[in-house]
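Here is how the chains run, residue by residue.
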Amino acid sequence: MFEDILTQISTFSPIWIYLTLFFFAFIENVFPPSPSDVLLVVGGTLIGTGAINFILALTFATLGSITGFMLMFYIGSTVDKKVIHSGRFKYIPLNAIEKVETWFRKYGYFIIVANRFMPGTRAVISFFAGMSNLDPKRTFTLCFVSALLWNTIMLYLGFVFGDNVAKVDEYLTTYTNIVIVVTAIIILFFIFRFFFRKRKSAV
């Protein structure tokens, strides 16, 4: 997959490569999944060949990540105020939603810092951050730090490995699978704990 994308994107002019990095970094936060990480590694390879500039590639990718994250943050805050807490959907248990929001207000900022390092959950994190009414300025800052670090790492990997990007693909796939499994286990743990406490309190 890396080789095919590299072949196609290398035919673009630099400005279109930068815009492609921006677009996929943005769209990943709105309509996941997106091959944004793959494109970042490819971008790193193109930096090594001199086709594009590192600073510009990092800037466009990071702006895309932040824009997408903050858009979902805004949507989450709007949905929370206008839909969930409006009482329109009676089948949504407000007490469960409020518990999630309380938990997210407590740990949400730490999760935002780790946001870019958690593939598959990025859009969900930004949405719940908005629902939980986290501070927009602080959220923006932490989102920027997370995106900057992750994008730098991905571009650097592409730069270092060069033509051997298939090795990066193997590492990224393994890393993504591990993160998804660990995330699923954590979610299941909290679900079981929630129902266990609910059942215990009903006895």
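Draft legend 1. Spotlight on the overall build of the protein chain. Along its length, the protein chain carries 8 helices and 0 strands. Reading the protein chain from its N end, one meets helices and strands in the order α-α-α-α-α-α-α-α. Here the protein chain, with 203 residues, has 40% of them falling under the buried criterion. In the protein chain, the share of contacts with a sequence separation of at least 24, taken over all contacts with a separation of at least 6, comes to 80%.

Draft legend 2. Representation of unusual backbone geometry within the structure. If you check the backbone angles, asparagine 133 has positive phi at about 55° while not being a glycine. Mapped onto the secondary structure, asparagine 133 falls in the loop between helix H6 (122–131) and helix H7 (136–161). Given the relative accessible area of 39%, asparagine 133 is considered partly exposed.

Draft legend 3. Region of interest: the side chain of serine 36. With respect to the helices and strands, the residue serine 36 is situated in helix H3 (residues 36–49). For serine 36, a relative accessible area of 3% puts it in the buried group. Setting aside residues no more than four positions away along its own chain, serine 36 makes contact with Phe24, Ala25, Glu28, Arg116 and Arg122.

Draft legend 4. Region of the structure containing the pattern of salt bridges. Considering all chains together, one arrives at 1 salt bridge under this definition. In this structure, arginine 116 and glutamate 28 form a salt bridge, with 3.0 Å as the shortest nitrogen-oxygen distance. Linking arginine 116 in the loop between helix H5 (94–113) and H6 with glutamate 28 in helix H2 (residues 14–30), this pair joins segments that are 88 residues apart in sequence. Of the two residues, arginine 116 and glutamate 28, both sit in the buried class.

Draft legend 5. Examining H6 more closely. With 7 of 10 residues buried, H6 is to be regarded as a mostly interior element. Within H6 the residues assigned to the buried category are Arg122, Ala123, Ile125, Ser126, Ala129, Gly130 and Met131. A positive backbone phi angle near 55° is found at asparagine 133, which sits one or two residues after H6.

Draft legend 6. Representation of the packing of H3 against H7 within the structure. One way to put it is that H3 packs onto H7 with a least axis distance of 6 Å and a crossing angle of 50°. The pairing of H3 with H7 is recorded here as oblique in orientation. Our pair here, H3 against H7, has a crossing hand that is right-handed. Of H7, the residues touching H3 (which contributes Asp37, Leu40, Val41, Gly43, Gly44, Thr45, Ile47 and Gly48) are Trp150, Asn151, Met154, Leu155, Gly158 and Phe159. Its residues assigned to classes, the contact of H3 with H7 comprises 7 nonpolar, 6 polar and 1 charged.

Draft legend 7. Focus on the nonpolar core. By size, the foremost hydrophobic cluster in this structure holds 20 residues, and its most contacted members are Ile52 and Ala57. Counting only elements with at least two residues in this core, the list comes to H2, H3, helix H4 (54–82), H7 and helix H8 (165–202). Of all the elements, H3 adds the most residues to this core, at 7 residues. When neighbours within four sequence positions are excluded, isoleucine 52 is seen to be in contact with Pro14, Ile17, Tyr18, Gly43, Leu46, Ile47 and Ala57. Ranked by size, the runner-up nonpolar core spans 13 residues in total, among them Phe73, Ile125, Leu142 and Cys143.

Each value, and the rule that gives it
- The numbering scheme is per chain: residues are counted from 1 as the chain's sequence reads.
- Local features in a predicted model are, by the rule used here, given only for residues with pLDDT of at least 70; side-chain atom pairs are given and counted only at 80 or more, and totals for whole chains, interfaces and linings are based on all residues.
- Only hydrogens and water are set aside when side-chain values are computed; all heavy atoms of the structure are taken into account.
- Elements are defined by DSSP. Helices are runs of H or I of four residues or more, strands are runs of E of two residues or more, and each kind is numbered from the N terminus.
- Three exposure classes are used, based on accessible area relative to the maximum for each residue type with a 1.4 Å probe and protein chains only: buried under 20%, partly exposed in between, and exposed over 50%.
- Here, residues are in contact when the closest pair of their heavy atoms is within 4.5 Å.
- Between Lys or Arg on one side and Asp or Glu on the other, a salt bridge is scored when a side-chain nitrogen of the former is within 4 Å of a carboxyl oxygen of the latter.
- To get an axis, a line is fitted to the C-alpha atoms, and for a helix only the part in contact is used. The angle between two axes follows their N-to-C directions and goes from 0 to 180 degrees.
- Should an angle fall under 35 degrees it is called roughly parallel, over 145 degrees roughly antiparallel, and 65 to 115 degrees roughly perpendicular, with every other angle called oblique.
- Whether a crossing is left-handed or right-handed is set by the direction in which the near helix is turned from the far one by less than a right angle, anticlockwise for left-handed and clockwise for right-handed.
- All residues other than Ala, Val, Leu, Ile, Met, Phe, Trp, Tyr, Cys, Pro, Asp, Glu, Lys and Arg, Gly among them, are scored as polar; the first ten of these are nonpolar and the last four charged.
- Take the buried residues of types Ala, Val, Leu, Ile, Met, Phe, Trp, Tyr and Cys, join any two whose side-chain atoms come within 4.5 Å, and each joined set is a nonpolar core.

Functional significance is not addressed by these values, which are geometric in nature.
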